[in-house]
Amino acid sequence: MSSREEILANIRKNTQKRFDYPEWEVKAMVYSDVITEFCEMSRAVGGEAVLLGEGEDINAVIRRTYPDAVRIASALDEITCATFNPDELDRAQDLDGTDIAVVAGEFGVAENAAVWIPQTVKYKALYFIAEKLVIILDRNNLVSNMQEAYERVKKEKYRFGTFISGPSKTADIEQALVMGAHGARDVLVILK
C-alpha cells in the first residue's frame, strides 16, 4: 500500500462520527417589478438599459445613442443600421476595430443586470472585442435573481455562453480603474 493510500485508510479507520448536513434553503430576493429593478441596476453597474417604446425603432435608438459609430456588427435581421455581418468574416481577427456589436440576449437578471448571452454568432470574440455592446433582450425574459438564472441555464445545452453585466472594468491594488480591459467599454441593453 502506498503512503497516500495508508493515510486515507487511517483517516477512514479513525473517523468516529460522520456528519450529515441539512439542505440549505436559499431565500433569494424576488422583485415585483423586474423591469424597473433591471434598469436601475444597469445604471448602478455602469451600463444603461432602455425600454423600447411602442412603435420605436431599435435602429434609431442605437444611432441616437452612438451617433459617431462607423463599424457596426450584427447578424440580427432586425438591425438594419449594421454595416457588416460578423458571421461573414473569414477570421475572428477581422472583428478588431468594431465600434458596436449588436447581439441578442436570452434573458436578464434584475438583481445584478446580468444578461445571459449564448453563442449565436460565428466568433464569440464579438461579445468582447467591440468598443460598445448593444444587447437586444425581450422584456418578458427577465428573472429576479441568479438562482432563477442558473435554473434556466442548467436546463439547456450551450456550446458557449456568458453573463454580461455592464461595461468591462478592472482595478489593480492601487485602485486604478480601467474600463474595457476585458470587454466593451459601454453596454446598452434595449428591452423590447
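Residues numbered from 1 in each chain as written. Predicted model: local features only at pLDDT ≥ 70, side-chain atom pairs only at ≥ 80, totals over all residues. Heavy atoms only, no water.

(A) Highlighting the overall build of the protein. Helix and strand counts for the protein come out as five helices and 11 strands. On C-alpha atoms alone, the protein measures out to a radius of gyration of 22 Å, which is more than a quarter above the 16 Å that the 2.2 N^0.38 rule sets for 192 residues. Its C-alpha atoms give the protein principal-axis dimensions of roughly 70 × 45 × 40 Å. Looking at the 192 residues of the protein, the share that counts as buried comes to 36%. (Helix = DSSP H or I, 4+ residues; strand = E, 2+ residues; numbered from the N terminus. Rg over C-alpha atoms; globule rule 2.2 N^0.38 Å. Buried < 20%, exposed > 50% of the residue type's maximum accessible area, 1.4 Å probe, protein only.)

(B) Local environment of the side chain of Thr162. If you trace the backbone, Thr162 turns up in strand S8 (residues 161-164). Given the relative accessible area of 14%, Thr162 is considered buried. Those residues in contact with Thr162 that lie beyond four places of it in its chain are Val115, Trp116, Ile117 and Phe128. (Contact = heavy atoms within 4.5 Å.)

(C) Looking closely at the environment of Val153. Mapping Val153 onto the fold places it in helix H5 (residues 146-154). In contact with Val153, not counting residues within four places along its chain, are Phe107, Trp116, Tyr158 and Phe163.

(D) Region of the structure containing the sheet that holds strand S1 (residues 48-51). Strand order in the open sheet formed by five strands is S1-S11-S6-S3-S2, with parallel pairing between adjacent strands. Across the chains shown, the open sheet's two edge strands, defined by having one partner strand only, are S1 and strand S2 (72-74). Neighbour to neighbour, the strand axes of the sheet diverge by 20° on average, direction disregarded. Pairing of strand S3 (residues 100-104) with strand S6 (residues 132-137), which is carried by five bridges, proceeds in the parallel orientation. If you follow Ile100 over to S6, its bridge partner there is Lys132. (Pairing = 2+ DSSP bridges. Axes fitted to C-alpha atoms, helices over the stretch in contact; angles between N-to-C directions.)

(E) Local environment of the sheet that holds strand S5 (residues 114-118). Sheet architecture is open: four strands sit in the order S7-S4-S5-S8, paired in mixed fashion. Bordering the open sheet on either side are strand S7 (142-143) and S8, each of which pairs with just one other strand. Taken together, the four bridges between S5 and S8 define a ladder with antiparallel strand orientation. Pairing of Pro118 across the sheet is with Gly161, part of S8. Along the sheet, H5 contacts strand S4 (107-109), S5, S7 and S8; its crossing angle with S4, the most-contacted strand, is approximately 155°.

(F) Summary view of helix H3 (residues 58-65). Buried residues of H3: Ile58, Asn59, Val61 and Ile62, and no others. What you see down the axis of H3 is that its buried residues fit within an arc of 160°, all on one side. (Arc of directions from axis to C-beta.)

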